[in-house]
Amino acid sequence: MSPILCNIYLHELDLEVNKIQKEFAVGNKRRLSNEYNKLTCSCRIKEIKNLSVDRQKAIMHKKKKDAHKMGLTRTDWNDSEFIRIRYVRYIDNFLFGIAGSRDLVTLIKKKIIHFVKSNLKLKLTEGEITHIASDKVSFLGMNISGV
């Protein structure tokens, strides 16, 4: 199909994904990570209270750096109270980014496949589920990975 006709035809998919995004969106922001806070905040009052402000900042910066080296982030990436779905489509290629459980990702994948087969009468190449922290995703010749 030409890109224009493809965009017109797949507009229905865009609308369906918009409904799915609204249906599954939960929470306003992620909760803070307890492990990260324990490493970076525990020393604030006791250990560094009497040090100069510059020295306090240096210590806190080092603790945050150490936490990041351990793979910890300020927010809890496994927060079940926060779900978001992002969707990008370029002509007939599309990519989903889902902040949620693997079960949720599988459910959404099944919904999309069912919609495309039943409503649009198209066949999809079976996409794969990849966790962004452990692998790269190739989309339109670009490799996307977590930082």
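The structure reproduced in this document is the subject of the present report.

Thresholds, definitions, all that
Residues numbered from 1 in each chain as written. Predicted model: local features only at pLDDT ≥ 70, side-chain atom pairs only at ≥ 80, totals over all residues. Heavy atoms only, no water. Helix = DSSP H or I, 4+ residues; strand = E, 2+ residues; numbered from the N terminus. Buried < 20%, exposed > 50% of the residue type's maximum accessible area, 1.4 Å probe, protein only. Contact = heavy atoms within 4.5 Å. Areas by Shrake-Rupley, 256 points an atom, 1.4 Å probe, with all protein chains shown as cover. Lys, Arg positive; Asp, Glu negative; His and termini not counted. Charge placed at Lys NZ, Arg CZ, Asp CG, Glu CD. Salt bridge = Lys/Arg side-chain N within 4 Å of Asp/Glu carboxyl O. Expected span 1.5 Å × (residues − 1). Arc of directions from axis to C-beta.

### Topic: the overall build of the chain
- In terms of helices and strands, the chain carries 5 helices and 4 strands.
- For the chain, the succession of helices and strands along the chain, N to C, is α-α-α-α-β-β-α-β-β.
- Its C-alpha atoms give the chain principal-axis dimensions of roughly 70 × 30 × 20 Å.
- By the burial criterion, 23% of the 147 residues in the chain qualify as buried.
- Sequence separation of at least 24 residues holds for 63% of the intrachain contacts in the chain that already meet a minimum separation of 6.
- For the chain, the computed accessible surface area is about 11200 Å², with 55% contributed by carbon and sulfur atoms.
- The centroid of the 28 positive side-chain charges in the chain is displaced by 6 Å from the centroid of its 16 negative side-chain charges.

### What to know about the pattern of salt bridges
- Counted by the stated rule, this structure contains 3 salt bridges.
- Here Asp 14 makes a salt bridge to Arg 89, at a shortest N to O gap of 2.7 Å. Taken as a pair, Asp 14 in helix H2 (residues 11-24) and Arg 89 in strand E1 (residues 84-90) lie far apart in primary sequence, 75 residues in all.
- A residue is classified by how much of its surface remains accessible, and Asp 14, at 21% relative accessible area, is partly exposed.
- Under the relative-accessibility criterion, Arg 89 is labelled buried at 19%.
- Salt-bridge contacts for Glu 23 lead to Lys 111; the nearest nitrogen and oxygen are separated by 3.6 Å. One end of the pair, Glu 23, is in helix H2; the other, Lys 111, is in helix H5 (residues 102-118), and 88 residues separate them in sequence.
- Since its relative accessible area comes to 32%, Lys 111 is described here as partly exposed.

### Digging into unusual backbone geometry
- For Lys 121, which is not glycine, the phi torsion reads 55 degrees and is therefore positive.
- Since its relative accessible area comes to 64%, Lys 121 is described here as exposed.
- The residue Leu 140 is not glycine, and still its phi comes out positive at about 55 degrees.
- Tracing the chain through its elements places Leu 140 in the loop between strand E3 (137-139) and strand E4 (142-144).
- Given a relative accessible area of 45%, Leu 140 falls into the partly exposed group.

### What to know about helix H4 (residues 53-69)
- A rise of 1.5 Å per residue sets the reference length of H4, with its 17 residues, at 24 Å; its end C-alpha atoms lie 24 Å apart and thus fit the reference within 8%.
- Within the sequence span of H4, burial applies to Ile 59, Met 60 and Ala 67. Down the axis of H4, the buried side of the element spans an arc of 95 degrees, and every buried residue falls inside it. Turned more than 90 degrees away from the buried face of H4 sit Asp 54, Lys 57, His 61 and Lys 69, all of them exposed.
- In this fold, the buried residues of H4 make contact with helix H3 (34-41).
- Directly beyond the C-terminal end of H4, a positive phi value near 90 degrees is found at Gly 71.

Read these as spatial facts, not as claims about activity.
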